[in-house]
Amino acid sequence: MVVGGEGCCPTMDLLRSEPMQLVQLIIPMESAHRTISYLGDLGLFQFKDLNVEKSPFQRTYAIQIKRCGEMARKLRFLKEQMTKAGFTPSTRTPMGSNINLDELEVKLGELEAELAEMNTNTEKLQRSYNELLEYKLVLQKAGEFFHSAQNSATAQQKELEEHAHGERSIDSPLLLEQEAFADPSKQVKLGFVSGLVAREKSMAFERFLFRATRGNVFLKQVVVENPVTDPVSGTKVEKNVFVIFYSGERAKNKILKICDAFGANRYPFTDDIGKQYEMITEVSGKLSELKTTVDVGQLHRANLLQTIGYEFDQWNLLVKKEKFIYHTLNMLSIDVTKKCLVGKGWCPVYATSQIQNQLHRATLDSNSQVGAIFQVLHTTELPPTYFRTNKFTSAFQDIVDAYGVAKYQEVNPGVFTIVTFPFLFAVMFGDWGHGICLLLATLYFILREKKLSSQKLGDIMEMTFGGRYVIMMMALFSIYTGFIYNEFFSVPFEIFGRSAYGCRDLSCRDATTIGLIKVRNAYPFGVDPKWHGTRSELPFLNSLKMKMSILLGVAQMNLGIILSYFNGKFFKNDVNVWHQFVPQMIFLNSLFGYLSLLIIVKWCTGSQADLYHVMIYMFLSPTDDLGENQLFIGQKYLQLLLVSLALVAVPWMLFPKPFLLKKQHEERHRGQLYAMLDSTDDSFELETHDHSHGHEEFEFSEVFVHQLIHTIEFVLGAVSNTASYLRLWALSLAHSELSSVFYDKVLLLAMGFNNIIILVVGIVVFIFATVGVLLVMETLSAFLHALRLHWVEFQNKFYEGDGYKFSPFSFGLICEDED
């Protein structure tokens, strides 16, 4: 989030945080709301909570916040209804729709009640409609069953009558004859229950009926072809129509309880065919009427939700602003006269006139007789840290802030990160073909940033879009280092001229290293194409990357120590400057600065000296002759001097500082150290110096142990951090080798088959491998390693990062908060 606009000079804005001041505001009650609102529009004032001891319910504006919370609940209800109906709030601003909070509260209450009533009526109508649909299915399916059964019974009756009037056989069953001619009044009459049950429960339903009635029921089920909407749940369910025949009230009660247990919907049914047709006709008519009623209600509801959608964003923003304002007003204290509010907070010094203008404007617009008072306070409290960033520098600053927010006026690594971070990434990722692909992907986000910034992207896309300028710089530096390495998808090209090497004779025509001699001037820019041969025989490129990693690492660590000097000078801590900065520079450069010098001399002279041997025996046998490893005259004596300085630097870092701090502590308590509190800067410097010591007794042993740990950490860190920079070489080598494997074993291999299908498959595999592995995974890997080099190897030399960020009261933050 960019707060307070863009700085005119990004690097100067980022080098030191903005000068801050503690301000007291005395605001009349009648203009308090408008004043806070105008300050929220400006977004350059951070209020301090003066009512920390009070709970949220004890504060002055608790009722107003509760009221805004209730309105926010109603707005969430409206949004849920729009989402269910498939509507989204309109982004266009309605004309002439200015509405105050009181009117909006009434309107939201009316809309909520109206929608709730419409939902209830629609739910009832929809349930009735679904019940009628199921009832119609029961009438149709069960009617077919009864009609079939009646036809079968009629046929059997005719057959019995024929047997009764015809000749009787000696084998004719007597029981059949008795049943046929028995008294109808003495026959047993069966009852039945009809309805629908979920198909997935039908088998269990049947088994349970059989066991509960001991088989004294007859169940008939018919499958419904299409899923039906269940009236209770409102979801689509596959169901079966059932008819259960039983005898006796006891069996009926059991059947009804089992139907309820299985969620079966029961519907009345008659065995009279004539009445069945009448009931189907009646149900069909009611369905048609209900359908019309439901459609009219849905149309009215859709029109209402669409009208709400036009003004929803404006209403939502108004409620959030009001809630934000009252939360801020609750941070202010009420004057004893109860006629004004008193607030304190931080603001940048440059914003003084802007804030005063807003206070004056609020007084005029509120018709207040008394204006607000703006008063600067002097304090020893640590101010918040505020950097004026823009859309380009904000992503780099976020990289630093992820490690820790800079202390007030501390040297900010963000300035250097703008260059060093993408460059170290490019050292590992150097390939101008991959760099162009990365640049094209980033340009898409940059060219469409206005459109994409107003859309909701996924987490990964949101992160990529936020770092688009970081990725652009990484891509540009990768193209540059790719030209230096002369690698285009790992393939060297003679872009800037012909190679300086040629064959000694025709026998080495296909050679890459053996038999080559220098036949022309050196390749004008970057690595000679022939240097991409066997690295064990011509170790130029591999050696270049490894030694360049050491040079870059030593340079960046020296920069970190130099920046610690500027931090020390700002805080006027001469103990740190002379007993930390100086010995650290001596120790680091006596070892690894000297190694860097040897690397450069070896490159310039073309010597074959073994630098590993030189550095090892510089400590083990410093007085021995160097022999063939000597690079310049007087090298042995220089090495003796550097070893001596490195050995002296360690106790220099360890011993003087604890004794000097003890001396300063004693002088302070004897009254020999005083400071004038004439300026905010001086008071802050005194506070930061006293913060670590306070008024407690000076513990020399604790200070000494702390300094011992710090010294050991620096000495070991100087070695481990330098070795850590070799990851630049390792990642670059891995990237080059992976790219070479994909090119040789996929693309060239596919071209060698002289088959169009294999060629197409090979190209597709090569593209996916390049994008997935080299442009995604390798990019992420190099990014994380560059991040580690900045956080651990660079920033720990000078950056404390224990400050806290300037968080002004700003309505611009509401857009990012979707609570």
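Model, not experiment: these values are computed from the prediction. (Residues numbered from 1 in each chain as written. Predicted model: local features only at pLDDT ≥ 70, side-chain atom pairs only at ≥ 80, totals over all residues. Heavy atoms only, no water.)

**Here we look at the environment of Arg-520**
The topology assignment puts Arg-520 in the loop between β13 (516-518) and α16 (540-570). Residue class for Arg-520 comes out partly exposed when judged on its relative accessible area of 31%. The spatial distance from the C-alpha of Arg-520 to the C-alpha of Ala-500 is 4.8 Å, given a sequence separation of 20 residues. With residues up to four places along the chain from it excluded, the contact list for Arg-520 reads Arg-498, Ser-499, Ala-500 and Tyr-501. (Helix = DSSP H or I, 4+ residues; strand = E, 2+ residues; numbered from the N terminus. Buried < 20%, exposed > 50% of the residue type's maximum accessible area, 1.4 Å probe, protein only. Contact = heavy atoms within 4.5 Å.)

**Quick look at the pairing of strand β1 (residues 20-28)**
β1 sits mainly inside the fold: eight of its nine residues count as buried. Where β1 lies against strand β10 (residues 340-348), nine bridges are found, and the strand directions are antiparallel. For Met-20, the partnering residue across the bridge sits in β10 and is Pro-348. (Pairing = 2+ DSSP bridges.)

**Focus: the pattern of salt bridges**
Oppositely charged side chains can form a pair if their charged atoms are brought close together. Tallied over the full model, the rule gives 23 salt bridges. With a shortest N-O distance of 3.7 Å, Lys-291 and Asp-295 are connected by a salt bridge. Taken together, the residues Lys-291 and Asp-295, both in helix α8 (residues 273-329) and four residues apart, mark about one turn of the helix. Taking the relative accessible area as the measure of exposure, Lys-291 reaches 40% and is therefore partly exposed. Of the charged contacts, one joins Lys-391 and Glu-449 as a salt bridge, the two residues approaching to 2.7 Å between their closest N and O atoms. Here Lys-391 is found in the loop between β11 (373-377) and α10 (393-401), whereas its partner Glu-449 is found in helix α13 (residues 449-453), with 58 residues between them in sequence. (Salt bridge = Lys/Arg side-chain N within 4 Å of Asp/Glu carboxyl O.)

**Remarks on the sheet that holds strand β3 (residues 191-198)**
What the four strands build is an open sheet, ordered β4-β7-β3-β8; its pairing is antiparallel. Lying at the two open borders of the sheet, with one neighbouring strand each, are β4 (218-223) and β8 (265-267). Averaged over neighbouring strand pairs, the angle between their axes works out to 25° when direction is ignored. Relative to strand β7 (residues 239-246), β4 runs antiparallel, the two sharing six bridges. Looking at β7, one finds that Val-222 is bridged to Val-241. Strands in contact with helix α7 (residues 249-261) are β3, β7 and β8; relative to β7, the strand with the most contacts, it is inclined by about 165°. (Axes fitted to C-alpha atoms, helices over the stretch in contact; angles between N-to-C directions.)

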